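Examination of the molecular architecture
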Amino acid sequence: MNTGRQTHGPDGQSWNRLLRPGSVSRYDLVLAVIPVAFLLTVVASGLLGVTMRTALAVGALLGAAVVTDALFLNPPTGGGRRN
């Protein structure tokens, strides 16, 4: 049931727009990749018999590489969409 009212998030963006398919930005993916990298390396540690310390170090390196790419190699340009 649509009442015609728009619900806005804390930054003024419409929640409806934020939840649309295809509204995932590159930086949303960066935030998703960091925990996934840790999860995959921990799973690989159990499957391959690598120590947990080594698995977490690899996960940390993967996360750091993604953050470095997002902040320094392909930084945000400030040209985000506004309503």
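Residues numbered from 1 in each chain as written. Predicted model: local features only at pLDDT ≥ 70, side-chain atom pairs only at ≥ 80, totals over all residues. Heavy atoms only, no water.

1. Quick notes on the overall build of the protein
Counting its regular elements, the protein contains 3 helices and 0 strands. Ordered by position from the N terminus, the helices and strands of the protein form the series α-α-α. Here the protein holds 83 residues, and the buried ones make up 16% of them. Counted over contacts in the protein with a minimum sequence separation of 6, partners at least 24 positions apart contribute 41%. Summed over its atoms, the accessible surface of the protein is roughly 6700 Å², and 66% of this surface lies on carbon and sulfur atoms. (Helix = DSSP H or I, 4+ residues; strand = E, 2+ residues; numbered from the N terminus. Buried < 20%, exposed > 50% of the residue type's maximum accessible area, 1.4 Å probe, protein only. Contact = heavy atoms within 4.5 Å. Areas by Shrake-Rupley, 256 points an atom, 1.4 Å probe, with all protein chains shown as cover.)

2. Quick notes on the environment of Val 50
Mapped onto the elements, Val 50 comes out in the loop between helix H2 (26–48) and helix H3 (52–73). Look at Val 50 and you get partly exposed, because its relative accessible area is 33%. Those residues within four positions of Val 50 in sequence are excluded, and the remaining contacts are Ser 45 and Ala 55.

3. Here we look at H2
An ideal rise of 1.5 Å per residue puts 33 Å on 23 residues; H2 measures up with 31 Å between its terminal C-alpha atoms. In H2, a bend of some 25° at Val 33 exceeds every other bend along the element, and Pro 35, a proline, comes one to four places later. Within H2, burial applies to Val 30, Ala 37, Thr 41 and Ser 45. Just downstream of H2, Gly 49 is the residue with a positive phi angle, here 80°. (Expected span 1.5 Å × (residues − 1). Bend = angle between axes of the 7 residues up to and from the residue.)

4. A word on the pattern of salt bridges
For the structure on display, the rule yields 1 salt bridge. In this structure, Asp 69 engages Arg 26 in a salt bridge whose closest nitrogen and oxygen atoms are separated by 3.0 Å. In this pair, Asp 69 is assigned in helix H3 and Arg 26 in helix H2, connecting sequence segments 43 residues apart. Classification of Asp 69 as partly exposed rests on a relative accessible area of 23%. (Salt bridge = Lys/Arg side-chain N within 4 Å of Asp/Glu carboxyl O.)

5. Some points on the packing of H2 against H3
Where H2 meets H3, the closest approach of the two axes is 8 Å, and the angle between their N-to-C directions is 165°. Taken together, H2 and H3 sit at an angle that is classed as roughly antiparallel. The handedness of the crossing between H2 and H3 is right-handed. On H3, the residues that touch Arg 26, Tyr 27, Val 30, Val 33, Ile 34, Ala 37, Phe 38, Thr 41, Val 42 and Ser 45 of H2 are Met 52, Ala 55, Leu 56, Val 58, Gly 59, Ala 60, Leu 62, Gly 63, Val 66, Val 67, Asp 69 and Ala 70. (Axes fitted to C-alpha atoms, helices over the stretch in contact; angles between N-to-C directions. Parallel < 35°, antiparallel > 145°, perpendicular 65-115°, else oblique. Left-handed = near helix turned anticlockwise from the far one by under 90°.)

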